[in-house]
Amino acid sequence: MAETLKSLDEVVSLCKRRGFIFPSSDIYGGLASCYDYGPLGVELKRNVKEAWWQAVVQRRDDMVGLDCAILMHPLAWKASGHVDKFADLVAECKKCNTRTRVDHLQGREGEETTKHAAAAGAANSLADKLCPKCGAAGQFTEPMPFKLMFETQMGANVEDSMTVYLRPETAQGIFANFANVLDTTRIKVPFGIAQIGKSFRNEVTTKAFIFRTREFEQMEIEFFCRPGTEDEWWERWKQERMRWYTDLGIRRENLRFREHEKDELAHYAKACVDVEYRFPFGQGDWQELEGIASRTDYDLRQHQRGMRTVTPWIEGGKDTLKVKLAEEHGEWKRGPLSYFDDETKERYIPYVIEPSAGADRATLAFLVDAYAEEEVRGERRNVLRFHPAIAPIKTGVFPLVKKDGLPEKARAIYDDLKGQLACFYDEKGAVGRRYRRQDEAGTPYCVTVDGQTNEDGTVTVRERDSMDQVRVSMDQVKAYLRDKLGR
Ligand code: GAP
């Protein structure tokens, strides 16, 4: 009987024990909220990203990919609104001076301040809240904004060095390349641009292992559509993204949509829905896994406006007043980030639907959902029931014993498989223990070469979840596994 996960600690401990995820700078005592992916973890996360890329880019005709620099011109962050608005409201405990995000403060009953109450942000709404560090009740300063972007200096000479930002989202690189993509491909609206890459936020409170960290990877899509069609595309992307998680094995009952309240929306969004996952934090918390925002033409318009300081596209484009007047007269519609629609013969700035997921957060959800502890045939085992597409190792190959020519045969099978399937060869210890190790790594199949192999040329193939074993002829084993693993 499988037991579900009661606390995240079990996954954290398995991740460390089996080499999925380690605290960063572990030998120096770790660095808060930074993590390193170990040999199994790096394969798992790569598979998550690969599954996403295949689903949203390679299997679609209406999507292209990008890989943008982390550092962008600081004006891009001014135009996007991040320099002025990308901040969390924090309140400082007057007793212990710890700053906490206002929407993360809890009362005695345990419920957090909702985001819109936090946005309202009045100190009196915190009267019943407790400091998470010292426990003092209602001892908070007035909430104040805390900027989330990491800054650094670019350039060696004092006179030409400038402050640049580590990107807090991959999205802006996509918007900044909108015209480049249109000019160099034959793609037409509606279409999307996808990107996977690192983002950085100086988060006030980090949380729960790799759930909220200061350095993380995003998997983002900006999908450009004709104004007026955005609600239809938003709905389509909601369904697409939910299906991606369930197709890769996440149980539907652990996923849900949560639509943002109007006063909780980010400054650029017309609507936003989160795909939430039931993470085992505390009493089983629903938390954001991915956001799907309807961003209107906000970003392209903002960049078009921002561009004027370097590329004057309106006559007198450096003159703020002239630009404002030109925009009021609809000039922005013919700006460099506009699009001419061949079908409708209109020029417009496309609207955007943005499905934005976290690669680390998705990896955590896959780990948590796959984890089971169970008693089988009188023995306890931990197993990660990963979908084959994301399992770090697809097949373990073992000789039953290290004699009678079994290792040579097992090696030959391993060498034949390893170019096409991520495989692991192991000849150490009792075979039962080798199976358990692969169960913990989430390996869907194990192949064992045993005494019978020498007699009839068959091997044992054991399936992870049912633990059923079948005999397959050695020369058929590759085709058998490829078929079972869908590769
Ligand atoms: N471009 C829109 C955007 O960045 P977001 O809701 O701030 O929206 C999107 O981030 C996704 O990125 C989140 O749903 C989450 O999966 C991931 N993410 C955001 N901040 C994160 C953090 N500090 N640590 C890990 N993942 C994070």
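Note that the structure is predicted; figures quoted are calculated from it, not measured.

(A) The site of the ligand, seen in detail. Around the ligand sit 21 residues, and of these Glu169, Glu203, Thr213, Glu220 and Glu288 come closest. Arg201 has a polar side-chain atom sitting 2.8 Å from an oxygen atom of the ligand. Within the contact set of the ligand, a nitrogen atom lies 2.7 Å away from a side-chain nitrogen or oxygen of Glu203. Expressed as a share of its isolated accessible area of 550 Å², the protein-covered part of the ligand is 90%. Looking at the shell around the ligand, the element that brings in the most residues is strand E16 (residues 285-296), giving 5 residues. When the residues that make up the shell around the ligand are grouped by side-chain class, the tally is 6 nonpolar, 5 polar and 10 charged.

(B) The side chain of Arg381, seen in detail. For Arg381, the position within the fold is in strand E21 (residues 379-384). Exposure remark for Arg381: the relative accessible area of 3% places this residue in the buried category. Side chain to side chain, Arg381 and Asp439 meet in a polar contact 2.8 Å long. Polar side-chain contacts of Arg381 include one of 3.3 Å to the backbone oxygen of Asp465.

(C) Representation of the sheet that holds strand E6 (residues 99-101). In space, the 3 strands of this open sheet follow the order E6-E5-E9, with antiparallel pairing throughout. Only two strands of the sheet have a single partner each, and these edge strands are E6 and strand E9 (144-147). Direction aside, neighbouring strands of the sheet carry axes that sit 50° apart on average. Pairing of strand E5 (residues 87-92) with E9, which is carried by 4 bridges, proceeds in the antiparallel orientation. Bridged to Leu89 within E9 is Pro145.

(D) Structural view of the layout of surface pockets. Within this model, the second largest pocket holds a volume of roughly 480 Å³. Forming the walls of the second largest pocket are 22 residues, and the residues nearest its centre are Ala51, Gln54, Ala55, Arg59 and Leu248. Contributing elements (two or more residues each) for the lining of the second largest pocket: helix H2 (39-58) and helix H8 (230-247). For the lining of the second largest pocket, the residue count by class is 9 nonpolar, 4 polar and 9 charged.

(E) Up close: the packing of H2 against helix H11 (residues 359-370). One can describe the packing of H2 onto H11 by two numbers: an axis separation of 10 Å at closest approach and a directional angle of 110°. By the angle class used here, H2 and H11 are roughly perpendicular. On the side of H2, the interface is formed by Leu44, Lys45, Val48 and Lys49, while H11 contributes Ala359, Asp360, Ala362, Thr363, Phe366 and Leu367. The residue inventory of the contact of H2 with H11, partitioned by class, reads 6 nonpolar, 1 polar and 3 charged.

(F) Representation of H8 in the model. Taking 1.5 Å of rise per residue, the 18 residues of H8 would be expected to cover 26 Å, and the 25 Å separating its terminal C-alpha atoms lies within 8% of that figure. Those residues of H8 not exposed but buried are Glu230, Trp233, Trp234, Trp237, Lys238, Arg241, Met242, Trp244 and Tyr245. Looking straight down H8, one finds its buried side chains confined to an arc of 165°; they lie on one side. A positive phi of about 100° marks Gly249, the residue just after H8.

(G) Quick look at the environment of Thr98. Looking at where Thr98 falls in the secondary structure, it is placed in the loop between E5 and E6. In the structure, Thr98 is positioned 35 residues away from Lys133 in sequence and 6.9 Å away in space, judged by C-alpha atoms. For Thr98, the residues in contact, after removing those within four places along its chain, are Ala91, Glu92, Cys93 and Lys133.

What counts as what
- Residues numbered from 1 in each chain as written.
- Predicted model: local features only at pLDDT ≥ 70, side-chain atom pairs only at ≥ 80, totals over all residues.
- Heavy atoms only, no water.
- Near = heavy atom within 4 Å.
- Polar contact = N/O pair within 3.5 Å; in protein donor to acceptor, adjacent residues only side chain to side chain.
- Areas by Shrake-Rupley, 256 points an atom, 1.4 Å probe, with all protein chains shown as cover.
- Helix = DSSP H or I, 4+ residues; strand = E, 2+ residues; numbered from the N terminus.
- Nonpolar A, V, L, I, M, F, W, Y, C, P; charged D, E, K, R; others polar.
- Buried < 20%, exposed > 50% of the residue type's maximum accessible area, 1.4 Å probe, protein only.
- Pairing = 2+ DSSP bridges.
- Axes fitted to C-alpha atoms, helices over the stretch in contact; angles between N-to-C directions.
- 1 Å grid on protein atoms, 1.4 Å probe; cavity = no way out; pocket = protein on both sides within 12 Å on 5 of 7 lines; lining within 4 Å.
- Points joined across faces, edges and corners; volume = space filled by probe spheres on them.
- Parallel < 35°, antiparallel > 145°, perpendicular 65-115°, else oblique.
- Contact = heavy atoms within 4.5 Å.
- Expected span 1.5 Å × (residues − 1).
- Arc of directions from axis to C-beta.

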